[in-house]
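Structural characterization, general
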Protein chains: 4
Amino acid sequence: MAPKRVDREARREEILSAAVRVFARRGFAATRIEDVAAEAGIAKGSVYLSFGSRDELLAAAFARLAERSADVLAHASAQGAPAVERLASLVRAAVAMLADEPDLTRVMVDLWAAGRHGGAAAPLDMASVYREYRGAVADLLRRAADEGDLRPGVGEPEATVVVGAIEGCLVQWLMDPGVRLDGLAGTVVEVCLSGLRAEGGPTGP
Amino acid sequence: MAPKRVDREARREEILSAAVRVFARRGFAATRIEDVAAEAGIAKGSVYLSFGSRDELLAAAFARLAERSADVLAHASAQGAPAVERLASLVRAAVAMLADEPDLTRVMVDLWAAGRHGGAAAPLDMASVYREYRGAVADLLRRAADEGDLRPGVGEPEATVVVGAIEGCLVQWLMDPGVRLDGLAGTVVEVCLSGLRAEGGPTGP
Amino acid sequence: MAPKRVDREARREEILSAAVRVFARRGFAATRIEDVAAEAGIAKGSVYLSFGSRDELLAAAFARLAERSADVLAHASAQGAPAVERLASLVRAAVAMLADEPDLTRVMVDLWAAGRHGGAAAPLDMASVYREYRGAVADLLRRAADEGDLRPGVGEPEATVVVGAIEGCLVQWLMDPGVRLDGLAGTVVEVCLSGLRAEGGPTGP
Amino acid sequence: MAPKRVDREARREEILSAAVRVFARRGFAATRIEDVAAEAGIAKGSVYLSFGSRDELLAAAFARLAERSADVLAHASAQGAPAVERLASLVRAAVAMLADEPDLTRVMVDLWAAGRHGGAAAPLDMASVYREYRGAVADLLRRAADEGDLRPGVGEPEATVVVGAIEGCLVQWLMDPGVRLDGLAGTVVEVCLSGLRAEGGPTGP
DNA sequence: CATGAATGAGTTTTCATTCAT
DNA sequence: CATGAATGAAAACTCATTCAT
């Protein structure tokens, strides 16, 4: 009976992985349950032994992403280094996570679409995920300011831009795989934290 | 014949606007031709007098967006002011365009989704749109560096981040309307161009 | 627009009639929407222009039956003749109605089945139909007793048996078409009202 | 080997009883094999060790009913009392049987439905059951007439009405549990055999 | 041109039945 | 024998698209 639990869960993961691969390839909208089954090497009906509906597959993909995001945030909050560095680490970890799971990352756009309207079942609370990212980043920004490494007054709006920079690069990569995600983390840190202006150059826009 | 052309075009625009409104509300996936017709106050079949298919409606929405983007870029390249300022103007114009057309902006996520896979007819060349934005921004970044306002060596990667910052904030707003787009442009300019580091603070990451 | 209403209604009736024919032939459980469409000479999807679901077809059949029943009862209550005679008329009218619509009558058993459990949509309030029949019969029984034609004390239980006699003969006809419905009304009246006992024979069981 | 046979048979009966309970509750159409298995406390596949198919379960329920009916008829034909009394006994026995097995009785409507069309395997020969009932009743009616207790000329048609009265009351009870089956037997006997007309009242309709 | 009824391909979902463990 | 995961046939229902009026 113990193995049952394991098998059930393992099978669920297998199917979900297959689903994520197909979603990444064809997009959620164009993916039929049968495509997922074929990718997983099982019969159509078997998908329903692990997932209640097509939408539940997308919800599960979201859950996987949310879990990865939570991991990233958990690691980020555990250190004792200067806040700027911890912030840089957070950005790097977030990008690394996306790069580690390119298929899940490619599904992101479908999660956004499903998050905005609702496929009944799970509301896909995308909002929370970003809220937590922003919160963590804003917190580190403020600490870094306190530590004198960033200018005073930074907060939520700046955090939105930092988080946005990552997601926005992601969008460009999704639309045009020619855009590289490689150096992304470094560039984001550089641009957002160090700034682009010349040493001694003008301060404001 | 002239009025015919005008009428045809006007009707097409009316329907497209109706479609964009519904797409913004329900999402493209959940929008049926009949919903668009109802929103436009016409009969289902009449939509087909202006658009060849459901996908063509989305393609037209994309075209509208692409057109607005082109306008933004056209304006940006016409001035004689310092490049940093022109860059700031470009960011502001891009954000203003999105804010001016919130419904079209809300459809963006569906355009991204359709851009990534093939919605039959028009491939929705999202890639080009962002490529042009990046090109324009990268160009201005380099000029600004030449003019001594930004540090040397800035280019495509930095442009990707700047463009990404805008799109990424947009994503957050789409997921969570609580996020404000108001001051966005200013913050993006501030963060990306001026940088967040304290005056005299550390230079690199 | 007026013709629209008529056409819509006429089309609905046509489809319903087709459905009743197929239900009578194959039974509701074994009838696919496509069978109904084929019988009506239209396409599957067109059935859905008039009926929201398969169950709605059965509900509509029930409505038709309920309507016919109401007609029967309405006529029965309109006369000035002696109550026994009006009762006999009621029985005859009820049987005549069933004989007039043999297909609808054959569907009865499916309506009973659906009435006992519920195909969501319409609860198929079979109970009311029989309640009204019993009420009308009980009423006439009491009047006839008052008029001295029937023994005193007759009421609901006897009405249940009278109504039951009709339905029960129907059941036997449904199971075995060899059973004739022809003289049924007469026999029911004879058995129930006049009784089977010999003149001057024993009174009670 | 003997115990094997017994066990097999006992298990079959257990499952059948479970099936009848579920059929009574949900109706045959809405009952899945899994529901039956759950009610019987066994696994889905195990049902197939005793029954070849879902329809066979219904057929078995029919067989159980047919068996009970045969018992009723067997007892009825064994006595030496006056035919009217034996007839009254038969009616009472038939009603008592139904009252003893309310779930099986509730399944009746599904048996009727299945009897009228072909549920594959066994044709559920409902017709015979009623034919035998009618035969027995007609026989007793004729004897009672011969014995001078009922008027001459009674036969099949009257038997159909007597049998029908029982089944028809059953139908009303099925549709509306508020209808009581308690005094039913007595009322049927009273109405059909003694008649409702006032002593010395009019003879015919 | 405008309409909306008609069509039928396409999908999801269910569930009886099988069979390896 | 018992089990329940796996299968895939079957059906309901949807909706883009067409076209007669």
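Residues numbered from 1 in each chain as written. Chains lettered and ligands numbered in written order. Predicted model: local features only at pLDDT ≥ 70, side-chain atom pairs only at ≥ 80, totals over all residues. Heavy atoms only, no water.

**Quick word on the overall build of chain A**
For clarity, the threshold we go by: Numbered from the N terminus, helices here are DSSP runs of H or I no shorter than four residues, and strands are runs of E no shorter than two. In this description, contact between two residues means that some pair of their heavy atoms is separated by no more than 4.5 Å. All accessible-area figures derive from a Shrake-Rupley calculation using a 1.4 Å probe, and residue coverage is judged against the displayed protein chains alone.
Of the regular secondary structure elements, chain A holds nine helices and zero strands. Scanning chain A from its N terminus toward the C terminus, one meets helices and strands in the order α-α-α-α-α-α-α-α-α. For chain A, long-range pairs separated by at least 24 residues make up 63% of all intrachain contacts whose partners lie at least 6 apart in sequence. Per element, the accessible surface of chain A, about 8,900 Å² overall, is 53% carbon and sulfur.

**A few points about the relation of the copies chain B and chain A**
What counts is decided by this rule: Copy-to-copy superposition: least squares on the C-alpha atoms, limited to residues that have pLDDT of at least 70 in both copies.
Once chain B has been moved 0.0 Å along the axis and rotated by 180 degrees, it coincides with chain A to within an RMSD of 0.2 Å. The relationship between the two copies is best expressed as a two-fold rotation axis. In this assembly, 98% of the residues forming the interface of chain B have copies in chain A that are likewise at the interface, indicating an isologous arrangement.

**Observations concerning the relation of the copies chain D and chain C**
Each copy superposes on the other: chain D lies on chain C with an RMSD of 0.2 Å after a rotation of 180 degrees and an axial shift of 0.0 Å. With an isologous cut-off of 70% or more, the 98% of interface residues of chain D that recur at the interface of chain C puts this contact in the isologous class.

**A few points about the protein's contact with DNA strand E**
The following threshold applies: Working definition: residue near molecule or strand if any one of its non-hydrogen atoms lies within 4 Å of it. We call two N or O atoms a polar contact when they sit within 3.5 Å, provided that within protein one can donate a hydrogen and the other can accept it, with sequence-adjacent residues counted only if both atoms are side-chain atoms. Residues are grouped as follows: nonpolar covers Ala, Val, Leu, Ile, Met, Phe, Trp, Tyr, Cys and Pro; charged covers Asp, Glu, Lys and Arg; every other residue, Gly included, is treated as polar.
As a structural note, the neighbourhood of DNA strand E is formed by 31 residues, with Arg 32 and Tyr 48 of chain A, Ser 46 and Leu 49 of chain B together with Ser 46 of chain C the closest of them. When atoms of DNA strand E within 4 Å of the protein are split into backbone and base, the sugar-phosphate part holds 72%. Interatomic distance of 3.1 Å between a side-chain N/O atom of Arg 32 of chain A and a sugar or linking oxygen of DNA strand E. Between DNA strand E and Lys 44 of chain A there is a distance of 3.3 Å, counted from a base oxygen to a side-chain nitrogen or oxygen. Listing elements by their share of the surface near DNA strand E, those giving two or more residues are helix H3 (44-50) of chain A, helix H1 (2-26) and helix H3 (44-50) of chain B, helix H1 (2-26) and helix H3 (44-50) of chain C together with helix H3 (44-50) of chain D. Grouping the amino acids of the surface near DNA strand E by side-chain chemistry returns 10 nonpolar, eight polar and 13 charged.

**Things to note about the UniProt feature "DNA-binding region" (unreviewed entry) in chain A**
Inclusion rule: UniProt positions are given in the numbering used here, feature names are shortened, and annotations may be inferred rather than shown by experiment.
Taking the UniProt record as the reference, the feature "DNA-binding region" (unreviewed entry) is found at residues 32-51 of chain A. Taken end to end, residues 32-51 of chain A has its terminal C-alpha atoms 14 Å apart, with 75% of it in helix and 0% in strand.

**A look at helix H2 (residues 33-40) of chain D**
Spacing of three or four residues puts side chains on the same side of an α-helix, whose turn is 3.6 residues. As a reminder of what qualifies: Throughout, exposure labels follow a simple rule: accessible area from a 1.4 Å probe, protein chains only, divided by the maximum for the residue type, with under 20% read as buried, over 50% as exposed, and the rest as partly exposed.
Looking at H2 of chain D, one finds that the buried residues are Ile 33, Asp 35, Val 36 and Ala 37 of chain D. Downstream of H2 of chain D by a residue or two, Gly 41 of chain D has a phi angle that is positive, lying close to 75 degrees.

**Considering the pattern of salt bridges**
Counted only if it meets this: Salt bridges are counted wherever a side-chain nitrogen of Lys or Arg sits within 4 Å of a carboxyl oxygen of Asp or Glu.
Taken as a whole, this structure holds 56 salt bridges over all chains when the rule is applied. Among the ionic pairs, Glu 13 of chain B bridges to Arg 64 of chain B, the shortest N-O distance being 2.6 Å. Residue Glu 13 of chain B is located in helix H1, and its partner Arg 64 of chain B is located in helix H4 (residues 54-76); the two are separated by 51 residues in the primary sequence. For Arg 64 of chain B, a relative accessible area of 9% gives the class buried. Among the charged side chains, a salt-bridge network with shared partners connects Arg 131, Arg 134 and Glu 156 of chain A together with Asp 176 of chain B.

**Structural notes on the interface of chain B and chain A**
How big an interface is tends to be stated in terms of the accessible area lost upon association of its parts. Defined as follows: Accessible-area loss on putting two parts together, using a 1.4 Å probe and summing over both, is the definition of buried area adopted here.
The partner chain A presents 57 residues to the 58 residues of chain B that form the contact. Carbon and sulfur atoms supply 62% of the area buried between chain B and chain A, which totals about 5,000 Å² over both sides. Summed over the shared surface of chain B and chain A, the result is six salt bridges. A salt bridge links Glu 190 of chain B to Arg 151 of chain A; the shortest N-O distance between them is 2.8 Å.

**Quick word on the protein's contact with DNA strand F**
Within the structure, DNA strand F sits among 30 residues, and Ala 43 and Ser 46 of chain A, Arg 32 of chain C together with Ser 46 and Leu 49 of chain D are positioned closest to it. Among atoms of DNA strand F positioned within 4 Å of the protein, sugar and phosphate together represent 71%. Here a phosphate oxygen of DNA strand F sits 2.9 Å away from a polar atom, N or O, in the main chain of Ala 43 of chain A. In this structure, a phosphate oxygen belonging to DNA strand F sits 2.9 Å away from a main-chain N or O atom of Arg 54 of chain B. By residue class, the composition of the surface near DNA strand F is 10 nonpolar, eight polar and 12 charged.

**Description of the interface of chain D and chain C**
On the side of chain C, 58 residues touch chain D, which itself brings 59 residues to the contact. Both faces combined, the contact of chain D with chain C buries some 5,000 Å², and carbon together with sulfur accounts for 62% of it. One can count six salt bridges joining chain D with chain C. Between Asp 176 of chain D and Arg 134 of chain C there is a salt bridge; the shortest N-O distance is 3.4 Å. For the pair chain D and chain C, the number of links is 14 residue pairs in polar contact (both at pLDDT 80 or more). When contributions to the side of chain D that touches chain C are tallied by element, the ones reaching two or more residues are helix H1 (2-26), helix H6 (102-116), helix H7 (126-146), helix H8 (156-175) and helix H9 (184-194) of chain D. The dominant element in the side of chain D that touches chain C, judged by the number of residues it contributes, is H8 of chain D, at 15 residues. Here the side of chain D that touches chain C is composed, by residue class, of 31 nonpolar, 12 polar and 16 charged.

**Considerations on the side chain of Ser 50 of chain B**
All names here are of chain B. You can see Ser 50 is positioned in helix H3. Among the residues examined, Ser 50 registers a relative accessible area of 14% and is labelled buried. Beyond its immediate stretch of four places on either side in the chain, Ser 50 contacts Arg 11, Arg 12, Ile 15 and Glu 56.

**As for H4 of chain B**
Residue and element names in this part refer to chain B. Quick reminder of the rule: An expected span of 1.5 Å times one less than the residue number is assigned to each helix.
Here H4 is 23 residues long and its end C-alpha atoms lie 34 Å apart, about the 33 Å a rise of 1.5 Å per residue gives. Those residues of H4 that fall on the buried side of the exposure criterion are Leu 57, Leu 58, Ala 59, Ala 60, Ala 61, Phe 62, Arg 64, Leu 65, Ser 69, Val 72, Leu 73 and Ala 76. The opening residue of H4 is Ser 53, an N-cap whose side-chain oxygen sits 3.4 Å from the backbone nitrogen of Asp 55.

**A few points about the packing of aromatic side chains**
How two aromatic rings sit relative to each other is set out by the distance from centre to centre and by the angle between their planes. Which entries qualify depends on this criterion: What counts as a ring pair is set by centres within 6.5 Å for rings of Phe, Tyr and Trp (its six-membered ring), and what kind of pair is set by the plane angle: stacked under 30 degrees, edge-to-face over 60, tilted for all other angles. Whether a charge sits over a ring comes down to the Lys NZ or Arg CZ being within 6 Å of the ring centre and within 35 degrees of the ring normal.
Inspection of the entire model under this criterion finds six aromatic pairs over all chains. Consider the rings of Phe 23 of chain A and Phe 28 of chain A, whose centres lie 5.1 Å apart with planes at 80 degrees: the pair is edge-to-face. Geometry around Phe 28 of chain B places Arg 54 of chain B over its ring, the cationic atom sitting 4.1 Å from the centre.

**Observations regarding the environment of Asp 55 of chain D**
When you line up the elements, Asp 55 of chain D lands in helix H4 (residues 54-76). A C-alpha to C-alpha distance of 9.4 Å links Asp 55 of chain D and Phe 28 of chain D, two positions 27 residues apart in sequence.

**A word on the side chain of Thr 160 of chain C**
Tracing the backbone through its elements, the reader meets Thr 160 of chain C in helix H8 (residues 156-175). Leaving out residues up to four positions away in the same chain, Thr 160 of chain C has contacts with Arg 134 of chain C together with Cys 169, Gln 172 and Val 179 of chain D.

**Focus: the confidence of the model for chain A**
When pLDDT drops low, the exact placement of atoms in the prediction is not to be read closely. Rules: pLDDT runs from 0 to 100 and stands for how confident the predictor is about each residue.
Of the residues in chain A, 88% have a pLDDT of 70 or more, and the chain-wide mean is 88. Confidence over residues 200-205 of chain A falls short of pLDDT 50; this stretch has nine contacts with residues more than four positions distant or in other chains.

**Some words on the environment of Arg 11 of chain A**
Residue and element names in this part refer to chain A. Mapping Arg 11 onto the fold places it in helix H1 (residues 2-26). Residue classification places Arg 11 among the partly exposed positions, given a relative accessible area of 34%. A sequence separation of 38 residues divides Arg 11 from Leu 49, and the C-alpha atoms of the two residues are 9.5 Å apart. If sequence neighbours within four positions are ignored, Arg 11 has contacts with Ile 42 and Ser 50.

**Focus on the packing of helix H4 (residues 54-76) of chain C against helix H5 (residues 83-100) of chain C**
Residue and element names in this part refer to chain C. Going by this rule: Lines fitted to C-alpha atoms define the axes, with helix axes restricted to the stretch in contact, and inter-axis angles between N-to-C directions lie between 0 and 180 degrees. Working rule for angles: under 35 degrees goes down as roughly parallel, over 145 as roughly antiparallel, 65 to 115 as roughly perpendicular, anything else as oblique. Handedness of a crossing follows from how the near helix is turned relative to the far one, being left-handed for an anticlockwise turn of less than a right angle and right-handed for a clockwise one.
Where H4 contacts H5, the axes come no closer than 9 Å and their chain directions differ by 155 degrees. The angle between the axes of H4 and H5 places the two elements in the roughly antiparallel class. Where H4 crosses over H5, the handedness of that crossing is right-handed. Along the contact surface, H4 presents Leu 65, Arg 68, Ser 69, Val 72, Leu 73 and Ala 76, while H5 presents Arg 86, Leu 90, Ala 93, Ala 94 and Met 97. Residue classes in the contact of H4 with H5 are distributed as eight nonpolar, one polar and two charged.

**Remarks on the packing of helix H5 (residues 83-100) of chain D against H8 of chain D**
Residue and element names in this part refer to chain D. Across the interface, H5 lies against H8 with an axial gap of 11 Å and an inter-helix angle of 25 degrees. Taken as axis vectors, H5 and H8 run roughly parallel relative to one another. For the crossing formed where H5 meets H8, the hand is right-handed. Of H8, the residues touching H5 (which contributes Val 91, Ala 94, Val 95 and Leu 98) are Val 162, Ile 166 and Leu 170. Here the residues of the contact of H5 with H8 sort into seven nonpolar, no polar and no charged.

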